[in-house]
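Notes for the structure review
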Amino acid sequence: MDRWECYERAVQAPQDTLALLVHEHGAAPRELGEDFAGSAALARAWVASHAARSAFAVDLDAHALQHAAHVERLQALVADVRRVRHAPVDVLHAGNFSLGYLHTRQELLEYLRNAAARLRDGGVFACDTFGGASAFQLGVATRTHPLPGGAVLTSIWRRRAADPRTARVENVLSFRIVRDGELVARLDDAFEYCWRLWSISELSDALLECGFESPRVRASTALDEPDDAPLGEDFAVLLCARIRR
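Keep in mind that what you see is a predicted model, and the values were worked out from it rather than measured.

With that settled, the discussion passes to the overall build of the protein chain. Along the protein chain, the regular secondary structure elements total six helices and eleven strands. Relative to the compact-globule value of 18 Å for 245 residues, the protein chain shows a C-alpha radius of gyration of 18 Å, a close match. By principal-axis analysis of the C-alpha atoms, the protein chain measures approximately 55 × 45 × 35 Å. Every one of the 245 residues in the protein chain was classed for burial, and the buried ones make up 48%. Expressed as a percentage of contacts within the protein chain between residues at least 6 apart in sequence, the contacts between residues at least 24 apart total 63%. Of the roughly 11800 Å² of accessible surface on the protein chain, 50% is carried by carbon and sulfur atoms. Computing the positive centroid from 28 side-chain charges and the negative centroid from 34, the protein chain places the two 2 Å apart.

What follows is the structure, encoded as structure tokens:
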């Protein structure tokens, strides 16, 4: 398993995200755009879920996008998400807290305006952020994930640096794979993140400024979640906003 396969196993749940995005769109969306796509796990799940669906996956990492090579109805684009152009889509997703790579509000607005331009009228944009008591606290968190054949994948999330004055955080994700009590793979610092941690209100204001309707805050992937679901002390949320012209 390479670092992207480990990441997909430990972090992503594309089927849950796919179902939520279709639910938020409310009709029968066919075209998806996945920004900051990495290995394009969501875009791959999208086209595999229905023969009428197609997708674009956009990322600067050509090596990561090789996971999407030769997938039917999926076009991988090595490009800057702030400037990329492609055919209009029904749903556009920027997950895994990737808006944190945009460190200034000017960069954020530049991206969101381009996102709006790439959506069909009535299309839905979704992005995520996290926050709460531990967002700027240093420390380590581990999780285990069973693998086929009896092996166990452990993900190690290290909050290495944080400055609430600038809203900057530095985090590192590492992996270990153990089989029958023996360490068989070790990927130290597989992913390193230097993020601007955008708040819900900052992202909501930016979306409104770029022409989106009032965002809906989703605290989980449960399709019947109420609009006023509590966020809790530590949270990760998905903001979904529709574009109307």
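Here we take up the pairing of strand β7 (residues 152-163). Summarising the sheet, strand β6 (residues 139-146) and β7 pair through eight bridges and their orientation is antiparallel. In the strand pairing of β7, Pro 146 is matched with Val 152. A loop of five residues connects β6 with β7, the two strands running antiparallel in sequence, and Gly 149 in this loop sits at a positive phi of about 90 degrees. Pairing of β7 with strand β8 (residues 168-179), which is carried by eleven bridges, proceeds in the antiparallel orientation. What sits directly across from Ala 161, in β8, is Glu 170. The hairpin formed by β7 and β8 contains four residues between the paired strands, and Ala 167 there has a positive phi angle of roughly 60 degrees.

Further remarks concern the sheet that holds strand β11 (residues 234-242). Note on sheets: strands pair through backbone hydrogen bonds, and any given pair is parallel or antiparallel. Taken in spatial order, the seven strands make up an open sheet running β3-β2-β1-β4-β5-β11-β10, and their pairing is mixed. The sheet terminates laterally at β3 (74-78) and β10 (216-218), the two strands that pair on one side only. Across the sheet, the mean angle separating the axes of adjacent strands is 20 degrees when strand polarity is ignored. Taken together, the five bridges between strand β1 (residues 31-35) and strand β2 (residues 54-59) define a ladder with parallel strand orientation. Bridge pairing links Glu 34 to Ala 57 in β2.

Right, let's talk about the layout of surface pockets for a bit. Size it by volume and the largest pocket reaches roughly 1200 Å³. Contributing to the lining of the largest pocket are 41 residues, with Val 11, Phe 97, Asp 128, Arg 143 and Ala 236 lying nearest its centre. Sorting elements by how many residues they give to the lining of the largest pocket places β11 first, with five residues. Along the lines of polarity and charge, the residues of the lining of the largest pocket split into 22 nonpolar, twelve polar and seven charged. Roughly 520 Å³ of internal volume is contained in the second largest pocket. Every residue lining the second largest pocket is counted, 23 residues in all, and those nearest its centre are Phe 36, Gly 38, Asp 59, Ser 98 and Tyr 101. By residue class, the composition of the lining of the second largest pocket is eleven nonpolar, five polar and seven charged.

Thresholds applied
- Residues numbered from 1 in each chain as written.
- Predicted model: local features only at pLDDT ≥ 70, side-chain atom pairs only at ≥ 80, totals over all residues.
- Heavy atoms only, no water.
- Helix = DSSP H or I, 4+ residues; strand = E, 2+ residues; numbered from the N terminus.
- Rg over C-alpha atoms; globule rule 2.2 N^0.38 Å.
- Buried < 20%, exposed > 50% of the residue type's maximum accessible area, 1.4 Å probe, protein only.
- Contact = heavy atoms within 4.5 Å.
- Areas by Shrake-Rupley, 256 points an atom, 1.4 Å probe, with all protein chains shown as cover.
- Lys, Arg positive; Asp, Glu negative; His and termini not counted.
- Charge placed at Lys NZ, Arg CZ, Asp CG, Glu CD.
- Pairing = 2+ DSSP bridges.
- Axes fitted to C-alpha atoms, helices over the stretch in contact; angles between N-to-C directions.
- 1 Å grid on protein atoms, 1.4 Å probe; cavity = no way out; pocket = protein on both sides within 12 Å on 5 of 7 lines; lining within 4 Å.
- Points joined across faces, edges and corners; volume = space filled by probe spheres on them.
- Nonpolar A, V, L, I, M, F, W, Y, C, P; charged D, E, K, R; others polar.

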